[in-house]
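What follows is each chain in one-letter form.
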Amino acid sequence: MNVEWKITERSFQFAVRIVRLCQFLEKQDRVSRTLASQLLRSGTSVGANIEEAQAGQSKADFTAKMSIARKEARETHYWLKLLVSSEIITDEKLGELLQEADELVRILTSIVKSAQTRNES
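As the structure is a computational prediction, the values presented were derived from the model and not from experiment. (Residues numbered from 1 in each chain as written. Predicted model: local features only at pLDDT ≥ 70, side-chain atom pairs only at ≥ 80, totals over all residues. Heavy atoms only, no water.)

1. A word on the nonpolar core
Quick note on the threshold: What we call a nonpolar core is a set of buried Ala, Val, Leu, Ile, Met, Phe, Trp, Tyr and Cys residues that are connected through their side-chain atoms within 4.5 Å. Only protein chains enter the accessibility calculation, which uses a 1.4 Å probe; a residue is then buried when its area is under 20% of its type maximum, exposed when over 50%, and partly exposed in between. Working definition: helices are DSSP H or I runs of at least four residues, strands are E runs of at least two. Numbering for both runs from the N terminus. Here, residues are in contact when the closest pair of their heavy atoms is within 4.5 Å.
Counting 31 residues, the largest nonpolar core has Leu-21, Leu-39, Met-66, Leu-80, Leu-94 and Leu-108 as the members making the most contacts within it. Going through the elements one at a time, α1 (3-26), α2 (30-54), α3 (59-85) and α4 (91-120) are the ones with two or more residues in this core. With 10 residues, the top contributor of residues to this core is α4. Once residues lying within four places of it in the same chain are set aside, the contact partners of Leu-80 are Ile-18, Leu-21, Leu-39, Leu-94, Leu-97, Leu-98 and Ala-101.

Here you go:
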């Protein structure tokens, strides 16, 4: 299993979990619905940008799309932390999703750094 497939599949499964969480949040109060909207946008954008990067027209395009995916993963991590800190959802329920968001950021950071090094040489 190559790294590109693994990150593609992980980001897709992450998006599925985000969609399910947002479906739950949509049934709650106005604040939860507003946060769900932000979370849904950023959480599903991670995988979409990784998919676009796979079809990049150049090394620079690949790096740019992976950088956007990393940015979206960081934003998603922020929204998840906000849900916990504002006591909308418990840390016990979001702990694994928070950890996965953090791991995606780390993996994407590594991919971007490697791609930038290859682009410079």
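Picking up after the structure, the text goes on.
2. Some thoughts on α2
Quick note on the threshold: Helices are assigned an expected span. That span is 1.5 Å times one less than the residue count. Fitting one axis to the seven residues ending at a residue and another to the seven starting there, the bend at that residue is the angle between the two axes.
Along its 25 residues, α2 runs 37 Å from first to last C-alpha, staying within 8% of the 36 Å computed at 1.5 Å per residue. Along its length, α2 shows its largest kink, about 30 degrees, at Ser-45.

3. What to know about the packing of aromatic side chains
This is how it is decided: Any pair of Phe, Tyr and Trp rings, taking the six-membered ring for Trp, is counted once the centres come within 6.5 Å. Such a pair is stacked with planes under 30 degrees apart, edge-to-face with planes over 60 apart, and tilted for the rest.
Scanning the model with the defined rule gives one aromatic pair in all. Measuring from ring centre to ring centre gives 5.0 Å for Tyr-78 and Trp-79, while their planes differ by 75 degrees; the resulting arrangement is edge-to-face. A relative accessible area of 44% means that Tyr-78 is categorised as partly exposed. The class for Trp-79 is buried, based on a relative accessible area of 14%.

4. A few points about the packing of α2 against α3
How two helices pack is summed up by the angle between their axes together with the distance between the axes. In plain terms, the rule: The axes are straight lines fitted to the C-alpha atoms, using for helices just the contacting stretch, and the angles between their N-to-C directions are given from 0 to 180°. Roughly parallel means an angle under 35 degrees; roughly antiparallel means over 145; roughly perpendicular covers 65 to 115; every other angle is labelled oblique. Two helices cross in a left-handed way if the nearer one is turned anticlockwise from the farther one by less than a right angle. They cross in a right-handed way if the turn is clockwise.
Where α2 meets α3, the axes come as close as 8 Å, and the angle between the chain directions of the two elements is 155 degrees. Relative to α3, the element α2 lies roughly antiparallel. Like other packed secondary-structure pairs, α2 and α3 cross with a definite hand, here left-handed.

5. Describing the pattern of salt bridges
Where charged atoms of side chains with opposite charge meet at close range, the side chains can pair. Quick note on the threshold: Throughout this description, the term salt bridge denotes a Lys or Arg side-chain nitrogen within 4 Å of a carboxyl oxygen of Asp or Glu.
Counting across every chain of the model gives eight salt bridges. The partner of Asp-102 in a salt bridge is Arg-106, and the shortest N-O contact between them spans 2.9 Å. With a gap of four residues between them, Asp-102 and Arg-106 both fall in helix α4, about one helical turn apart. Look at Asp-102 and you get partly exposed, because its relative accessible area is 28%.

6. A short note on α3
Turn by turn, an α-helix covers 3.6 residues, leaving residues three or four places apart pointing in a common direction. Along its 27 residues, α3 runs 39 Å from first to last C-alpha, staying within 8% of the 39 Å computed at 1.5 Å per residue. With its phi angle positive at about 60 degrees, Glu-87 sits one or two positions after the end of α3.

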